[in-house]
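Results of the structural survey
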Amino acid sequence: MLESYLCAMLKSTLIKATEAGAKVMQEFFGGSFKISNKEGINNLVTEADHASEKAIFEVIKNDFPDHFILSEESGALVTNSSFKWIVDPIDGTVNFAHGIPICCVSIGVEQEGEMVMGAVYNPFINEFYFAQKGFGATLNDNLIQVSDEQQVAKACLVTGFPYTYLDQPNGPLEVFSRLIRKGIPVRRLGSAAMDLCWVAAGRFDGFYEHKLQAWDSAAGFLIVEEAGGRVSDFSGKRYSPYQPHIVATNGKIHDELIDWVNNKI
Ligand code: IPD
Ligand code: CA
Ligand code: CA
């Protein structure tokens, strides 16, 4: 457990850094900015992603100059610290680039390999999600909880698809198609961090995705767990942001959703 003074400092820096990134998103949103491609023509990075990352780094480095930072656009700034900040300066960049306000800043803080704090902020709908290990999860300072739904057949789900399609048995389209053929609503928002937070807030009953990176899920994973949900890989093992596959649910539909994803239903 974190010492309380350190904890307060980490929380304050995390909130400042998340707000700094979100301010940059707001400044660029809807305007004209430079957009370039990463691998594949639709995996975008914009001037705003870099500017948001820079603003976030300034805050973290000012307060904790020796902490490790892992961030989508800059990779790893490796140090010997036991603290690691895992940063997605804009999650939902394709939405952002098209003026669709489903995008956010996502920052998770790890201590000795354990996620201890996370924040996700979508400034366009004024939703700030925060969680600290052992202290619950909040949306704009109000405690949130996952839903009560007990069955996948009655659930509202969300998923995402990688930019490079995974052509493999039980790949993203196969799982999606099986659920849709049964009439189960499966949404696709385009921001894994928002997907996770909306599971935490009880709007979605479950989320699964095949190929995420640590920065997509680091904060949202803790937010779902702290809201009473369960997060695992496709075998049901507790989730680690360093492997690609994720199932995050209210806990009640978790085992069943894993069976759907693995084509056992
Ligand atoms: C993407 C989003 C999307 C998910 C992709 C991610 P980005 O992150 O989270 O929902 O399906 O796999 O790469 O590129 O917008 O930061
Ligand atoms: Ca992302
Ligand atoms: Ca991103």
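It should be emphasised that the depicted structure is a prediction, and the values quoted were computed from it without experimental measurement.

Secondary structure summary: the protein contains seven helices and 15 strands in total. A compact globule built from 265 residues should have a C-alpha radius of gyration of about 18 Å, and the protein, at 18 Å, falls within 12% of that. Along the first, second and third principal axes, the C-alpha atoms of the protein reach 50 × 45 × 35 Å. Every one of the 265 residues in the protein was classed for burial, and the buried ones make up 55%. In the protein, of all internal contacts separated by at least 6 residues, the share reaching a separation of at least 24 is 61%. Of the accessible surface of the protein, which amounts to about 11,500 Å², a share of 51% is contributed by carbon and sulfur atoms.

Taken together, the neighbourhood of ligand 1 is formed by 16 residues, with D91, G92, T93, A192 and E209 sitting nearest. A distance of 3.2 Å is found between an oxygen atom of ligand 1 and a side-chain nitrogen or oxygen belonging to Y163. Take E209: an N or O atom from its side chain is 2.6 Å from an oxygen atom of ligand 1. Taking 380 Å² as the accessible area of ligand 1 by itself, protein coverage stands at 95%. In terms of residue count, the dominant contributor to the shell around ligand 1 is strand β5 (residues 83-91) (three residues). Tallied by class, the residues present in the shell around ligand 1 amount to five nonpolar, five polar and six charged.

Unlike most non-glycine residues, N126 shows phi in positive territory, near 50°. Looking at the secondary structure, you find N126 in the loop between β7 (114-122) and β8 (127-132). A relative accessible area of 47% means that N126 is categorised as partly exposed. The phi torsion at N140 lies on the positive side, around 45°, for a residue other than glycine. Structurally, N140 is set in the loop between β9 (137-139) and β10 (142-143). Classification of N140 by relative accessible area gives partly exposed; the value is 33%.

Conventions and cut-offs
Residues numbered from 1 in each chain as written. Chains lettered and ligands numbered in written order. Predicted model: local features only at pLDDT ≥ 70, side-chain atom pairs only at ≥ 80, totals over all residues. Heavy atoms only, no water. Helix = DSSP H or I, 4+ residues; strand = E, 2+ residues; numbered from the N terminus. Rg over C-alpha atoms; globule rule 2.2 N^0.38 Å. Buried < 20%, exposed > 50% of the residue type's maximum accessible area, 1.4 Å probe, protein only. Contact = heavy atoms within 4.5 Å. Areas by Shrake-Rupley, 256 points an atom, 1.4 Å probe, with all protein chains shown as cover. Near = heavy atom within 4 Å. Polar contact = N/O pair within 3.5 Å; in protein donor to acceptor, adjacent residues only side chain to side chain. Nonpolar A, V, L, I, M, F, W, Y, C, P; charged D, E, K, R; others polar.

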